Structures are given as C-alpha cells and as structure tokens.
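Geometric and topological summary
Residues per chain are reported as follows:
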Amino acid sequence: MRHSGERNSEIALSSKRSRTNVELENLLRQLGLALEASGVGIWQHNIAKNQTRWDEQLKSIYGIPKAPLDVIWLDSIHPDDLVPTNEIFLRAIETKSDYASEFRIMRPDGATRYLRSRARYFVNAAGDPCFVGAEWDVTDDVLLNKELERSRAEARFAADHDHLTGLLNRRSFDFALSELARQESIKVALLHIDVDHFKEINDRFGHAVGDLVLCHVSKILLEAISTGDVAARLGGDEFAVVITEDECDKTIAVLDHIQRRLESPLPVGDQMLIVRCSIGVASAMSADFARLLSQSDLALYHAKRNGRNRAEVFSDDMASTLANERQLAQDLRSGLALGQIRPFYQVQVDARSFRVSGVEALARWHHPTRGILAPAHFLSIASSNGLVAELDDVVLKAVLSDMKSSASPLEGIRVSVNLSADRLDDPELTAKLDGYDIPPGRLSFELIETIFLDSLSDQVRQNIQAIKSFGIDIEIDDLGSGHASLLGLLELRPDRVKIDRQLVTPILQSVPSRRLVGSLVDIARALDMEVIAEGVETLEHANVLAALGVPHPPGLCVRTTAVVCRPVGAFGAGDIRLRAGGSYWGRSITSERSSDGSSLPAAG
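Residues numbered from 1 in each chain as written. Predicted model: local features only at pLDDT ≥ 70, side-chain atom pairs only at ≥ 80, totals over all residues. Heavy atoms only, no water.

Details of the overall build of the protein chain
Rules: Helix and strand assignments come from DSSP, with helices taken as H or I runs of at least 4 residues and strands as E runs of at least 2, each series counted from the N terminus. Residues count as neighbours in contact if any of their non-hydrogen atoms are within 4.5 Å of one another. Method for areas: the Shrake-Rupley scheme with a 1.4 Å probe, in which residue coverage is limited to the protein chains shown.
Helix and strand counts for the protein chain stand at 19 helices and 22 strands. Residue pairs in contact within the protein chain that sit at least 24 positions apart in sequence constitute 65% of those at least 6 positions apart. Surface accessibility of the protein chain: about 31200 Å² in total, with carbon and sulfur atoms responsible for 52%.

A few points about the confidence of the model for the protein chain
Parts of the model with low pLDDT should not have their predicted coordinates read in detail. Using the following cut-off: pLDDT runs from 0 to 100 and stands for how confident the predictor is about each residue.
Per-residue confidence for the protein chain gives a mean pLDDT of 81, with 80% of residues at or over 70. pLDDT under 50 marks residues 560–565. Its contacts with residues more than four places away, or in other chains, come to 27 contacts. This model gives residues 571–603 a pLDDT under 50, and the stretch forms 84 contacts once residues within four places in sequence are excluded.

Description of a nonpolar patch on the surface
Where we set the bar: Patches here: salt-bridge-free residues with over 30% relative accessible area, like charges joined within 9 Å, nonpolar side chains (Val, Leu, Ile, Met, Phe, Trp, Tyr) joined within 5 Å. What counts as a salt bridge is simple: a side-chain nitrogen of Lys or Arg found within 4 Å of a carboxyl oxygen of Asp or Glu. Throughout, exposure labels follow a simple rule: accessible area from a 1.4 Å probe, protein chains only, divided by the maximum for the residue type, with under 20% read as buried, over 50% as exposed, and the rest as partly exposed.
Taken together, the side chains of L74, L82 and V83 define a hydrophobic patch exposed on the protein surface, amounting to about 220 Å² of accessible area. Checked against the element boundaries, V83 lands in helix α3 (residues 79–95). In this structure V83 comes out as exposed when scored by relative accessible area, which is 53%.

Regarding the nonpolar core
It is characteristic of soluble globular proteins that their nonpolar side chains tend to be buried jointly. For clarity, the threshold we go by: Nonpolar cores are built from buried Ala, Val, Leu, Ile, Met, Phe, Trp, Tyr and Cys residues. Side-chain atoms within 4.5 Å join them into one set.
Counting 66 residues, the largest nonpolar core has I341, V399, V415, L433, L443, F445 and I467 as the members making the most contacts within it. At 8 residues, the largest contribution of residues to this core is made by helix α12 (residues 388–404). L443 has contacts with L396, V399, L400, V415, V417, I438, G471, I472 and D473, leaving out every residue within four places of it along the chain. Counting residues in each nonpolar core, the second largest holds 30 residues, with F198, I201, L214 and I220 among its members.

Regarding the pairing of strand β7 (residues 230–235)
What counts is decided by this rule: When DSSP finds two or more bridges between two strands, those strands count as paired.
Taken across its 6 residues, β7 has 5 buried, putting it largely inside the fold. The turn joining β7 and strand β8 (residues 238–243), which pair antiparallel and follow one another in sequence, is formed by 2 residues; a positive phi near 60° is taken by G236.

Some details on the packing of aromatic side chains
Let me state the cut-off plainly: Side-chain rings of Phe, Tyr and Trp, where Trp is taken by its six-membered ring, are said to pair if the distance between their centres is within 6.5 Å; with planes under 30 degrees apart they count as stacked, over 60 as edge-to-face, and otherwise as tilted.
Counted according to the given criterion, the structure contains 9 aromatic pairs. Plain terms: the ring middles of F89 and Y99 are 5.2 Å apart, the flat faces sit at 85° to each other, and that makes the pair edge-to-face. Taken together, the residues F89 in helix α3 and Y99 in strand β3 (residues 99–106) connect sequence positions 10 residues apart. Judged on exposure class, the residue F89 and its partner Y99 are both buried. These aromatic residues form a ring-pair network of at least three members: W43, W73, F89, Y99, F103, Y121 and F131.

Okay, here's the thing in structure tokens:
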C-alpha cells in the first residue's frame, strides 16, 4: 500500500498537468484567433516526402477548398511569377536556409492577389528536412505603393517636362547640358529654334491653335533626334535640340528633317497652316558649353534678321556684328532723348500742274560721329529694341513744331508722317494725340508696309477711327506690292495710296508696267482716293503719270527722287515757291549729304 504522501504528490502532479493542458489549449485558441484576425496563414512542407499542409486560413487566402490535405502550391502562382518564385524556394532547400518571397497568385475566382511568404528551415523528429512558414495578403499595400510610385513618377515628370508638349523644360535642359559638360572631349551641336510669327498665329487663330502649333513642332523635333540627343521647350515658342557626338552629317540630317517636315501643312479646321521656324546652330566641345546657348541664340537672331524660315550657323563675325548693333541701339536711345532725330521733308508734286501738293517727313538721325543717317541704318535696330513707337512720336512732335514755326515754308502744306504698327496698336494713342495741337486737314499718317490691312485688330480699328476724328488723313504705302489688298482698302478707306517705286520706275520702257500702274490709278479713282506715285526721276516720268491720272483735283501726285529732301530750316527765302500751290518741277535744290560728303537717298 502506497504511502499517503505519494498519493498526494500524484494528485498534485495530475492537477498541474490538467492546468497546463488547459493553459496550452487556451494559448493555442488565442494563437488561432490572433492568426485569424491577422489574416496570416500557416503552412508546412516536408521536403523529403514533398508534402505540403496548409491551415484553414491559408486555404481561405488561396481560395482552395478545405478538404484537401495536400496542396500543389505552384498551381496557384501567377504565370509571370512562377519561375522566379520557384527558384527562390529551391535555393532555400539547397542551402538549407530560411525562405522569403513575394509573389502573385491567381485565385479560382479569377482574382489576382499579392502574397508575402516567410519560412524557417528545420528537421523534424523523423529526421526529415522541413519548412514551416506563414503567408499573408499584402495586395492593398502593394497597390498603394504602386499608386504612390506612379504619383511620384508623374510629379517627377511634371517637374522635368513641359506640360503642353511633353518635351524637357528649361530646368531639365540646363541640367542635361551640364551633365554632358562633365564628360571629357565630347562635342555637341545645339539647335536653337523659334517659331516664326507665332504672335500673329495666336492673334489670328487663337491660343488653342497656337498650342497645336507648339505640339506640332515638338513632334517634329522628337522625330528628328536619336537616342542620347535632347529636345526641350525653353519657353513660349522657343525650343532647343542638343545633338550628342556631333558630326557634320548628323547635324545636317537633323536640320534637313526638321525643315522638310515643317513644309507639310498643319490642318487647322478647314484651313491648312504652314508653320515656319528660324534656327540658330552652334557647336562646341564640352569645355566650352557655357557659351553654347548664347552662340546659338546669336545665330538664331541672325536667322530672323535675314528673313526668317532659315538656319544660320554661328560665326565669330556674328558676335562682332551684334556688338556693333548693341552700341548703335544704345546710341539711338540717347539720340531720341537728345533730339538727334529730326524730320527731313520730301516734296510731293502734282503731275499735271507741277505744283507742290504736299511733303513727306522722313526721319534722319544726326549721329555725333557717323553723320546724318537714313532709316535704313537704324530702323531695324529701333524695331528689334522696341523703339519704333518712340521714334514715331519724336518725329511727329518735330513735324508739328516745324508746322507752327512762323518762318516755316510748310505753311498751308499737308505733311505726311509715318505711323508704325506698334504705334497704331497702342491703346494710349488717342490720349496722346489729344495732347497735341494738330491742325485739321494738314497732317496725314502713312501706314507702313508691316501693317496687315486684312487682319486688323479691334484696337487698330478704334485707333484709325480716332485718327480720322482728329482731322488726320490716312495714307497706305506700297499699293500693288505690299500688304495693301483690295479688301483691306475697302475696309479702311484711306484718303490716298502710294504706288511703289518698283512699279513706277519701268513705265517709260515697259508697256505692261504702264498698264498696271494705270489700272491701279483706276482702282484708286473708283474708291475716291488720291494717288501718289513714288520713284519719279524725270519730267518724262511725270508726263506719263499725268496721262494716266484724273483731269481734276485731287488728281495724281508724284514723289520725286531726283530732287532730294531737306530739313525745314534748310529752305531759304528763295524757296518760297515750295509753299502750297507754288510751281516746283525742274527747280534745283541741293541734296542732303552725310558727314563724309556722300549723298543720302531721299526715300525712307
């Protein structure tokens, strides 16, 4: 019979075991609940027997029925992930190391899920190598990360590219050029590209068409470049192309492609638009990249100045020319402020009576070192530096002052003054004219040839009506050769028109030229407009023109070139016949001369 102490000990041990089993069951139950709540599935794989067991949670993740005890795991792997995922597992078996992988599965219901799997290698009691592991669904995390990465990529792209064309922006272009500069002994060519007359395209067709033009040019640039080259929109209608590993033939081929593709018209509604571009080209080795953009910009400037729709290659002569032009522009600003710009006057004579019918004020610059300069020497500089409107204003003020002078021979004579496109489009023009004392019927504004009469803006139309309300006549330049179309004349109804000297000069020898001039005179007469013929050099010219004109005032006038213009102060007492109605033809007047004694042209 066992001792009572032994029985008490066994009872206590049994009670302890029961409590341990209960605690273990509770712990297992809690673990199961925790795994179920976390969505983690458990699996075990016996490598020796090639058997895999999944718990119910893992079967739920894969969408596998609960009945099967042995599962073919690879059957569920997404085809694109099958090979790399299996290779990772086989490598873990071979190295007897822990396993970690992330892959997609295809559930029986067609859904694709992203899983993450982790497992520990061990040897069981029977001596079989095994893995025990856990897997959980990370689809939401993966998709969120993909969305974040896509957003980051879009943000990076937006920061580096132009939003309209998709080309690199200026910041990225500068960075790409700086990266190329880091490379030793690399030569590149830079094409600096600008769309010709882009403002006019926007004004005429609207900004939507302007955007279409920019995208059209961008597409052509992308087609022209090769891998490693760079195309960028620098801003506005300005583009750049960097050709790496520059070779002459390659650069020429890119230029040829761009210019050839630009010849193809761009459909704009029911119209076809031809897009033209000016291109400046410069090339340099990596050590000289700092000057590359300024050199190509200078070449672009020369392309525009030489007529646009062309490519110019940078040369050292361009830099010298630019320096001279910049100095001349500075001199012109000073000259406008110091009163160095003065009007010279060229007479307009009635072709029948040979009496003075008016004068034209022509700007002359009394340059302190270069003498008297005609507009051909400084008008393009004024235009490119935004000084044309100021030039118009200075000349107009001087003309009005000359007209008021008691000693002026301009008394009673109509004076014609040029009016530029910038001045005509000025919203403040009416207010400025209102501040001048303009004698009605004595002043005429000549609209120069850069004004397109067929596409006048509302502002220009308002200003033209205001000009007429001040008693100022309107004249149109270059009838038959410039921008003065018949439709434009019908809308504008100017007081007089000018026939270009290129049409007038050959009328003595050319019958077709004479007929053409006669037809233009007939058109002007039908529209009740006076006609001024430019470039009359002989009395014979005047007689032929008189025969083509109307027999009564306002009649046909001629602007002489044989008798050149003078400043108003240069007319002496003997020139009294210059006054209105005075006979003029055949009178000899000393021509204006520059500081070196050479004659200056009267026109312009």
